[in-house]
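Spelled out, the chains give:
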Amino acid sequence: MLRQDSQNTPLFGEDDDNASLPKSKIRHPVASFFHLFFRASAILVYLLCDMLSGRFIASMVTIILLLSCDFWTVKNVSGRLLVGLRWWNQVDEDGKSHWVFESRKTADDSSSADSRIFWLGLVVCPLFWVVFVFSTIVSFRIKWLAVVFMGLVLQWANLYGYVRCKVGGKSNLRTMAKNYLTLQIFKQAMEKTERP
């Protein structure tokens, strides 16, 4: 379900005093920092855990805590502040579960720098966890598989939720991708026919 208005709970930053800042400036530096901090820290701890500590349990708990902090921060704070998007699960009176994908009415409130930081962090970090899953399987480090799988799932869930918010909650992502590819193929075909 897509909601364009925030009737019950306002998005963070809607009555922001930073409205006079240029679009290229970072309006929410603390949110931007923590948006990237927990994600990058989890990846660094995973990469350096064998060198820093030989303790699997301590490394695993640290990585899971960082991933959990990242999931909460991105879902509840940085998505609202940096790009004006939020998503959650709502249970109605009948006990049915509904996913709600919401976007701020005016997208002009967020700066382009905030938006770039948000989407770059949201897209790049799950790619690291995909690589970690394959490298863990190939190197037979099976005990780490649960940790990297957890990193992939938590970061992929946020990515999926925010992409659904951005493109619209009722839109089918597969149909959108198919339409985009069809349009690109059509453009390439038209360019070839225009050339002598």
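As the structure is a prediction and not an experimental result, all values here were calculated from the model.

1. Side note on the UniProt feature "transmembrane region" (unreviewed entry) in the chain
Link 1 in the chain: Those places that UniProt annotates as "transmembrane region" (unreviewed entry) correspond, in this numbering, to residues 56–74, 117–137 and 144–163.
Link 2 in the chain: From the first C-alpha to the last, residues 117–137 spans 31 Å; its make-up is 100% helix and 0% strand.
Link 3 in the chain: Counted over residues 144–163, helix gives 95% and strand 0%. Its end C-alpha atoms are 28 Å apart.

2. Overview of the side chain of Arg-164
Link 1 in the chain: Locating Arg-164 in the fold gives a position in helix 4 (residues 145–167).
Link 2 in the chain: Within polar-contact distance, the side chain of Arg-164 engages the side chain of Tyr-160 at 2.7 Å.

3. Considering the pattern of salt bridges
Link 1 in the chain: For the structure on display, the rule yields 2 salt bridges.
Link 2 in the chain: With a shortest N-O distance of 3.0 Å, Asp-70 and Arg-39 are connected by a salt bridge. Taken together, the residues Asp-70 in helix 2 (residues 56–83) and Arg-39 in helix 1 (residues 29–52) connect sequence positions 31 residues apart. Each member of the pair, Asp-70 together with Arg-39, is buried.
Link 3 in the chain: In this structure, Glu-102 and Arg-86 form a salt bridge, with 2.3 Å as the shortest nitrogen-oxygen distance. Here Glu-102 is found in strand 3 (residues 97–103), whereas its partner Arg-86 is found in strand 2 (residues 85–91), with 16 residues between them in sequence.
Link 4 in the chain: The class of Glu-102 is buried, set by a relative accessible area of 1%.
Link 5 in the chain: The buried category is assigned to Arg-86, whose relative accessible area is 2%.

Rules used in this analysis
- Residues numbered from 1 in each chain as written.
- Predicted model: local features only at pLDDT ≥ 70, side-chain atom pairs only at ≥ 80, totals over all residues.
- Heavy atoms only, no water.
- UniProt positions renumbered as here; feature names shortened; annotations may be inferred.
- Helix = DSSP H or I, 4+ residues; strand = E, 2+ residues; numbered from the N terminus.
- Polar contact = N/O pair within 3.5 Å; in protein donor to acceptor, adjacent residues only side chain to side chain.
- Salt bridge = Lys/Arg side-chain N within 4 Å of Asp/Glu carboxyl O.
- Buried < 20%, exposed > 50% of the residue type's maximum accessible area, 1.4 Å probe, protein only.

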